[in-house]
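What the coordinates show
Residue-level listing of the chains:
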Amino acid sequence: SGATLSHVFSTNVYARLIEGWTTIGDTTVGWCEEEDVPNFLQQEDISLAANARLEKLPRGDTAKHATASDSHETYKIARYAKQFVVDEQDVIDDRLGAIMRMPMEMGEAARNLRPDLVYSIMLENPTLVADSGAAFNATAVTTTGGHANLGTAALASGAMKTAISAMVKQRLNRSATDPGRALLIRPKFLIVPAALEWTARELTASAALAKLFADSADPWYAQLNLLAQEGLRVVPDDRIGAIGVLDPRNGSARTGLDTNWFLTSGRGLRVAYRRGTGRQPVMRSFTLDKGQWGMGWDINMDIGAAFIEYRTWYKSTGAA
């Protein structure tokens, strides 16, 4: 009967689902913040901008009060799901090879959901709630919504040094009259499309040889690679390339460039999951009835992602 078949196959279906989940890698691991949230309601990330700078206190005077203001970013998780149904006649006809391929495909698709979502958001360049500025823009930070974290230089040693310097220059509470507090942010990850992978690895690789004497010709001489001292991890993923990625949120295609590249400190882009799911897909099995014979399985995954900080990121279109 269909019920008996369901019990027999559900364990194997789940095993194939997990096999598909573990087979596919996730290039976003390590540089996305992660969080578990209780429900599908709007979540808020509140940042406190405090002015606690110590000021010179004249003799007999009273110390001034520290001041603070807050800003926030909002985001939600959503449910992504799929099901597949097997007619009992297909099982009886011993078409198990084709049937058991589907759970693995669904496991692979579930694993791809997070990177598809993260890279879609990076290419979307959303507007931040806190200052109404796009996550990546070239406007000066002393201007409303300005982030000064977008360039156009092609991936090269000089361009990367300029980008790193731009990240180090980011300040907290900077204004036209206040230089703000230095954050000294340094990148840890260089994210590139497939077309730039080897350029990125060459730029960040350590030089093996160094010249000992300045007055002698040495064909094996290699200058010291200062970028290698940054310890940047290269993350190649062609979802940010010219082919692009399908945005799970609305099914639209988002395309990048084969020349664009990103630097990040590993913070500022948050991935959220529904609490209690183990940050993995959840599977159910069911038996068809009411005039239908067979069985089915469905999976869902509750996940969301959003930029919550711009200072820890830099993007270059590489188009210059």
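Everything numeric here is computed off the predicted structure, so don't read it as measured data.

Okay, the overall build of the protein next. The helix and strand tally for the protein stands at 5 helices and 16 strands. Relative to its 320 residues, the protein shows a buried fraction of 42%.

Counting residues in each nonpolar core, the largest one holds 43 residues, and the members touching the most others are Trp-31, Met-122, Ile-191, Phe-307 and Trp-313. The set of elements that each furnish at least two residues to this core consists of helix 1 (2-23), strand 4 (78-87), helix 3 (96-124), strand 8 (189-192), strand 13 (269-274) and strand 15 (294-307). The element best represented in this core is helix 3, accounting for 11 residues. Setting aside residues no more than four positions away along its own chain, Phe-307 makes contact with Glu-73, Ile-121, Met-122, Pro-126, Leu-128, Ala-135, Phe-136, Gly-268, Leu-269 and Trp-313.

Even without being a glycine, Asn-125 presents a positive backbone phi close to 55°. In this fold, Asn-125 is placed in the loop between helix 3 and strand 5 (150-151). For Asn-125, a relative accessible area of 22% translates into the label partly exposed. Positive phi values are uncommon outside glycine, yet Ala-148 reaches one of about 50°. Relative to the assigned elements, Ala-148 resides in the loop between helix 3 and strand 5.

Inspection of the secondary structure puts Arg-101 in helix 3. Measuring from C-alpha to C-alpha, the distance between Arg-101 and Arg-16 comes to 7.8 Å, with 85 residues separating the pair along the chain. A distance of 2.9 Å separates a polar atom in the side chain of Arg-101 from a polar atom in the side chain of Glu-105.

Definitions and limits used
- Residues numbered from 1 in each chain as written.
- Predicted model: local features only at pLDDT ≥ 70, side-chain atom pairs only at ≥ 80, totals over all residues.
- Heavy atoms only, no water.
- Helix = DSSP H or I, 4+ residues; strand = E, 2+ residues; numbered from the N terminus.
- Buried < 20%, exposed > 50% of the residue type's maximum accessible area, 1.4 Å probe, protein only.
- Core = buried A, V, L, I, M, F, W, Y, C linked by side-chain atoms within 4.5 Å.
- Contact = heavy atoms within 4.5 Å.
- Polar contact = N/O pair within 3.5 Å; in protein donor to acceptor, adjacent residues only side chain to side chain.

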